[in-house]
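In case you want the letters, here they are:
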Amino acid sequence: MIQTETINIQPTNESRLPQLDFESLVFGRTFSDHMLVMDFKDGKWQKPSILPYQNLSMSPASSVIHYGQSIFEGLKAFKNENGDFGLFRPDRNIDRMNKSAVRMCMPELPTELVLEGLKELVRLDQGWIPTSEMGSLYIRPVLFATDEYIGVKASDTYRFLIFTAPVNAYYTKPVKVKIERNYTRAAHGGTGAAKAAGNYAGSLYPARLANQQGYDQLLWTDAQTHSYIEESGTMNVMFLIDDTLITPALSDTILDGITRSSVLELARSWGMKVEERKVSVQEITDAAKEGRLKDAFGCGTAATIAQIASIADGDQEYVLPEVEEREFSKKLSNYFIDLKKFRIEDSLNWMIKLN
Ligand code: PLP
Ligand code: COI
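Only a predicted model underlies this, so the values are computations on that prediction, with no experimental measurement involved. (Residues numbered from 1 in each chain as written. Chains lettered and ligands numbered in written order. Predicted model: local features only at pLDDT ≥ 70, side-chain atom pairs only at ≥ 80, totals over all residues. Heavy atoms only, no water.)

### Looking at the pattern of salt bridges
Cut-off, in case you're wondering: One side-chain nitrogen of Lys or Arg within 4 Å of one carboxyl oxygen of Asp or Glu is enough to make a salt bridge. Secondary structure is summarised from DSSP: a helix means a run of H or I of at least four residues, a strand means a run of E of at least two, and numbering begins at the N terminus for each.
Throughout the structure, instances matching the rule amount to 20 salt bridges. The partner of Lys353 in a salt bridge is Asp84, with the nearest N and O atoms 3.7 Å apart. Of this pair, Lys353 sits in strand β20 (residues 351–353) while Asp84 sits in the loop between β7 (75–79) and β8 (85–88), and the two are 269 residues apart along the sequence. Among the ionic pairs, Asp243 bridges to Lys273, the shortest N-O distance being 3.4 Å. One end of the pair, Asp243, is in the loop between β14 (236–241) and β15 (244–248); the other, Lys273, is in strand β16 (residues 273–277), and 30 residues separate them in sequence.

### A short note on the environment of Leu266
Mapped onto the secondary structure, Leu266 falls in helix α5 (residues 258–269). As for Leu266 and Tyr335, which are separated by 69 residues in sequence, their C-alpha atoms are 9.5 Å apart.

### Observations concerning a nonpolar patch on the surface
Convention followed: A residue counts toward a patch only above 30% relative accessible area and without a salt bridge, and it is joined to like-charged neighbours within 9 Å or, for Val, Leu, Ile, Met, Phe, Trp and Tyr, to nonpolar neighbours within 5 Å. Residue-level accessible areas treat just the shown protein chains as cover; the underlying method is Shrake-Rupley with a 1.4 Å probe. A simple rule labels every residue: compare its accessible area, found with a 1.4 Å probe on the protein chains alone, to the largest value its type can have, and call it buried under 20%, exposed over 50%, or partly exposed in between.
Side chains of Leu56, Met58 and Ile65 sit close together on the surface and give an oily, nonpolar patch of about 270 Å² of accessible area. With respect to the helices, strands and loops of the structure, Met58 is situated in the loop between β5 (49–52) and α1 (63–67). Classification of Met58 by relative accessible area gives partly exposed; the value is 42%.

### Some thoughts on the site of ligand 2
Applied cut-off: Working definition: residue near molecule or strand if any one of its non-hydrogen atoms lies within 4 Å of it. Here a polar contact is recorded for every N or O atom pair within 3.5 Å, except that within protein the pair must consist of a potential hydrogen donor and a potential acceptor, and residues adjacent in sequence are included only if both atoms are side-chain atoms. Site definitions follow a grid-based scheme: protein atoms alone, a 1 Å grid, a 1.4 Å probe that fits but cannot get out for cavities, and for pockets an open set with protein on both sides within 12 Å along at least five of seven lines, plus lining residues having an atom within 4 Å of a point. Those molecules having more than half of their atoms within 2 Å of a cavity or pocket grid point set are described as sitting in that cavity or pocket. When residue character is reported, Ala, Val, Leu, Ile, Met, Phe, Trp, Tyr, Cys and Pro are called nonpolar, Asp, Glu, Lys and Arg charged, and the others, Gly included, polar. An automatic or database domain assignment supplies the start and end points of every domain.
The full set of residues close to ligand 2 is Phe72, Gly74, Tyr138, Arg140, Lys195, Thr234, Thr301 and Ala302. Within the backbone of Ala302, a nitrogen or oxygen atom sits 2.8 Å from an oxygen atom of ligand 2. Protein coverage of the free-state accessible area of ligand 2, which is 280 Å², stands at 88%. Here ligand 2 is seated within the largest pocket. In terms of residue class, the shell around ligand 2 is made up of 3 nonpolar, 3 polar and 2 charged. Residue-level mapping places the shell around ligand 2 at the junction of two domains, with at least three residues from each of domain 1 (2–167) and domain 2 (175–340).

### Let's talk about the domain arrangement of the chain
Selection criterion: Any two residues having at least one pair of non-hydrogen atoms within 4.5 Å are treated as being in contact. Put simply, buried area is how much 1.4 Å-probe accessible surface two parts lose in total, over both of them, once they are put together.
Along its sequence, the chain is carved into domain 1 (2–167) and domain 2 (175–340). Between domain 1 and domain 2, the C-alpha centre-to-centre distance is 28 Å. Listed by partner, the interface residues are 20 residues for domain 1 and 22 residues for domain 2. Taken as a group, Phe72, Phe88 and Arg96 account for 31% of the area that domain 1 buries against domain 2, more than any other trio of residues on that side. The interface formed by domain 1 and domain 2 holds 10 residue pairs in polar contact (both at pLDDT 80 or more) in total. Of all the secondary-structure elements, those providing two or more residues to the side of domain 1 that touches domain 2 are β6 (70–72), β7 and α2 (90–103). Among the elements that take part in the side of domain 1 that touches domain 2, α2 stands out by supplying 5 residues, more than any other.

### Some remarks on the packing of α5 against helix α7 (residues 327–340)
The description of two helices packed together rests on the angle between their axes and the distance between the axes. Test applied: Axis definition: a line fitted to C-alpha atoms, limited for helices to the stretch in contact. Angles are taken between N-to-C directions and run from 0 to 180 degrees. Reported orientations rely on four angle classes, namely roughly parallel under 35 degrees, roughly antiparallel over 145, roughly perpendicular from 65 to 115, and oblique for the rest.
Following both chains from N to C, one finds α5 and α7 inclined at 110°, their axes separated by 12 Å at the closest point. Between α5 and α7, the angle is such that the two are roughly perpendicular. Here Ser262, Val263, Leu266 and Ala267 of α5 come into contact with α7, specifically with Phe328, Leu332, Tyr335 and Phe336.

The structure is reproduced here in structure tokens:
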């Protein structure tokens, strides 16, 4: 056991890295050697530990299983062919996790300590970061309730974990999306803007129906009228109509995506017209019919920039321009890859280099 002032580190003596085949990674199925664990009890966060990745043991009465106090994050570490590696905007994920924690009645994390633990963890498992063009180390922080109690109340104890997974692209080709006019992901006053586990649970059934109809993802609409676009299942969405980049404005029903805000900042710095506002389904389908919808894509940590191949609304399917013609989303994708692989100047200070 290595003791730093703030973190206990117990490295594995049986690394699984030699068995890793970087070529055949399936998203979210392979996990690196270590994880960070930090408990909340007696009203305060305890000293975190980095331990070999391992199963958890929990009581059947553990309150997270019953009442779903669980929030998570997703961020990535990148490495280039020279071995330089680092994190993309990790501070934003910790801030967002703290906002989710407040909404779900959970304790906020000690930001500096979590960032330090995250850096230690990624340094320790740096051998697991893929160097391929679309490869990265996906990082999953998760915070959940651990009280052994089945009365309905906010837990007094919690566990925070960070574990990591080497991954390749989440989507390997442009996605076919369906506008969801019946089911609802989030309503005003609800938990849609929090990265709460339950939001994802509720979206699985409508997503499965869409999959059965041949679509990859849903485009969620507002709960009241089902006529305004909100976001997709795992990403925010953007549309290029003529030469204006349009995206639904943030609200308490939309996740404040870090990729979304990075894309908007970049587009503005490139002199593009950008609009964050309500986006009606009608506007998008009209623009598609008139040939003015030049590009549409989802943006998210796992999904990166995921071009949308077609948008279905009821029986109508609108096919978007060929990928080769999508200059904006291609330029964005290339910019992000070059930035994350430390090939271009990081003028916006988004990368935290770890070596
Ligand atoms: N919206 C939802 C529902 C998501 O799960 C994600 C993924 O994290 C996003 C949007 C995109 O957010 P980010 O860019 O911070 O990954
Ligand atoms: C992410 O992009 O990090 C997500 O959370 C999407 C998904 C894997 C849940």
